[in-house]
Amino acid sequence: MEYPDLENLDEDGYTQLRFNSRNNTRISIVSEKGIYIYMILCCISSLAFICCVLGILCLVILVTAVVLVPRVTIWRSNSGSNPLKNGNFPSRNKENHSQPTQSSLEESVTPTKAIKTTGDLSSPCPPNWIIYEKSCYLFSTSLNSWDGSKRQCSQLDSNLLKIDSSKELRFILKQVSSQPDNSFWIGLSRTQTDGPWLWEDGSTFSSNLFQIRTTATQENSSPNCVWIHISIIYDQLCSVPSYSICEKKFSM
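Residues numbered from 1 in each chain as written. Predicted model: local features only at pLDDT ≥ 70, side-chain atom pairs only at ≥ 80, totals over all residues. Heavy atoms only, no water.

Caption draft 1: Region of interest: the overall build of the chain. For the chain, the helix and strand inventory stands at five helices and eight strands. Along its sequence from the N terminus, the chain presents helices and strands in the succession α-α-α-β-β-α-β-α-β-β-β-β-β. A total of 252 residues make up the chain; the buried ones form 33% of that total. Of the contacts formed within the chain by residues at least 6 apart in sequence, a portion of 68% connects residues at least 24 apart. About 16,800 Å² of surface is accessible on the chain, with carbon and sulfur atoms providing 58% of the total. (Helix = DSSP H or I, 4+ residues; strand = E, 2+ residues; numbered from the N terminus. Buried < 20%, exposed > 50% of the residue type's maximum accessible area, 1.4 Å probe, protein only. Contact = heavy atoms within 4.5 Å. Areas by Shrake-Rupley, 256 points an atom, 1.4 Å probe, with all protein chains shown as cover.)

Spelled out as structure tokens, the structure:
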């Protein structure tokens, strides 16, 4: 067996060997710290990227909300609403005080699936009026107060609608229900809040035919006229502009 030279095992040589060992340990420690630091930096970079993406998404959502919310609000305010849910009725345009001609009134009718006259000489009703049983009906599309609607019907040799039977009521409700945003005056009113309901011809209203729902409030304490909205009949202030239904009887 060969032994190392004793001259190489002096104190300086031993010190040199220990010094090299310590350097190797330091290099190992530094390498591990570098890996840790690199991993930390990678994590920080990843978190920064995620935060940046989330920030962009939040900004996009905020901008979208700012742009869309006013439009949705405007759409809801302009769309029709059910009066039973919020106590309000469809908005009305300003009352038209000008006196329309008879031809313009007869042309202002709502679309309907019922039989409509076309001006045939054999027809008992004027053009564009709807025939049902022994009556002609005109669903006006011009807004007016109850009194104004009454005058319009009178100009056409007719009266505001008078409902005489449950069969006629079903027919009218079917026509009106196709227009959920509109209300229609009928020929039912009273002279005072606690007075009886009377038809335009002076006959007394019978509650056995239908019920009148009240809209009376502290601000609206005198709803003395009646209109139909969808399939429900309400009392209402006579001055509120609305559409109307004219009726004229004919003999077969």
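Caption draft 2: Highlighting helix α5 (residues 166-177). Given a rise of 1.5 Å per residue, twelve residues ought to cover 16 Å, and the 16 Å separating the end C-alpha atoms of α5 matches this to within 8%. Taken residue by residue, α5 has Glu 168, Leu 169, Phe 171, Ile 172, Leu 173, Gln 175 and Val 176 as its buried positions. Along its buried surface, α5 packs onto β1 (130-132), β2 (135-139), β4 (183-189), β6 (225-229), β7 (232-236) and β8 (243-249). (Expected span 1.5 Å × (residues − 1).)

Caption draft 3: Spotlight on the pairing of β4. Across the seven residues of β4, seven count as buried, placing the element largely inside the fold. The side-chain alternation of β4 yields two buried faces, one formed by Ser 183, Trp 185, Gly 187 and Ser 189 and the other by Phe 184, Ile 186 and Leu 188. As defined by bridge partners, β4 adjoins β6 across four bridges and the pair is classed as antiparallel. Counterpart to Phe 184 in the pairing with β6 is Ile 228. Pairing of β4 with β8 involves two bridges; the strand directions are parallel. Within the sheet, the bridge partner assigned to Trp 185 lies in β8 and is Ser 244. Strand direction decides the pairing type here: β4 and strand β5 (residues 198-199), joined by two bridges, are antiparallel. Within β5, the position partnered with Leu 188 by the bridge is Trp 199. (Pairing = 2+ DSSP bridges.)

Caption draft 4: Up close: the environment of Tyr 234. Inspection of the secondary structure puts Tyr 234 in strand β7. Relative accessible area serves as the criterion here: at 4%, Tyr 234 is assigned to the buried category. The spacing of Tyr 234 and Ile 212 is 22 residues in sequence and 5.2 Å in space, taken between C-alpha atoms.

Caption draft 5: Examining the pattern of salt bridges more closely. What the rule picks out here adds up to six salt bridges. Close ionic contact of Lys 249 with Glu 247 constitutes a salt bridge, the shortest N to O distance being 3.1 Å. Residue Lys 249 is classed as exposed on the basis of its relative accessible area of 54%. Salt bridges sharing partners connect three or more residues here, namely Lys 162, Asp 164, Asp 201, Glu 247 and Lys 249. (Salt bridge = Lys/Arg side-chain N within 4 Å of Asp/Glu carboxyl O.)

Caption draft 6: Summary view of the nonpolar core. With 24 residues, the main nonpolar core has Tyr 137, Phe 139, Ile 172, Leu 188, Phe 210, Ile 228 and Ile 245 as its most contacted residues. Sorting the residues of this core by element identifies β1, β2, α5, β4, β6 and β8 as the ones contributing at least two each. Looking at this core element by element, the count peaks at five residues for α5. If near-sequence neighbours (up to four positions away) are discounted, Tyr 137 is found in contact with Trp 129, Ile 130, Tyr 132, Leu 161, Glu 168, Phe 171, Ile 172, Ile 245, Cys 246 and Glu 247. (Core = buried A, V, L, I, M, F, W, Y, C linked by side-chain atoms within 4.5 Å.)

Caption draft 7: Region of interest: the packing of aromatic side chains. Scanning the model with the defined rule gives eight aromatic pairs in all. Between Tyr 132 and Phe 171, the aromatic rings sit 4.0 Å apart at their centres with planes inclined by 5°, giving stacked as the arrangement. Of this pair, Tyr 132 sits in strand β1 while Phe 171 is found in helix α5, placing the two residues 39 residues apart along the sequence. When its relative accessible area of 18% is taken as the criterion, Tyr 132 is described as buried. An angle of 50° between the planes, with centres 5.3 Å apart, marks the rings of Tyr 137 and Phe 171 as tilted. Separated by 34 residues along the polypeptide, Tyr 137 in strand β2 and Phe 171 in helix α5 bring together distant segments of the chain. The exposure class assigned to Tyr 137 is buried, which follows from its relative accessible area of 1%. Within the aromatic cluster, the residues linked to one another by ring pairs are Tyr 132, Tyr 137 and Phe 171. The ring of Trp 129 has Lys 248 lying over it, and the distance from NZ or CZ to the ring centre is 4.9 Å. (Phe/Tyr/Trp six-rings, centres within 6.5 Å; stacked < 30°, edge-to-face > 60°. Lys NZ or Arg CZ within 6 Å of the ring centre and 35° of its normal.)

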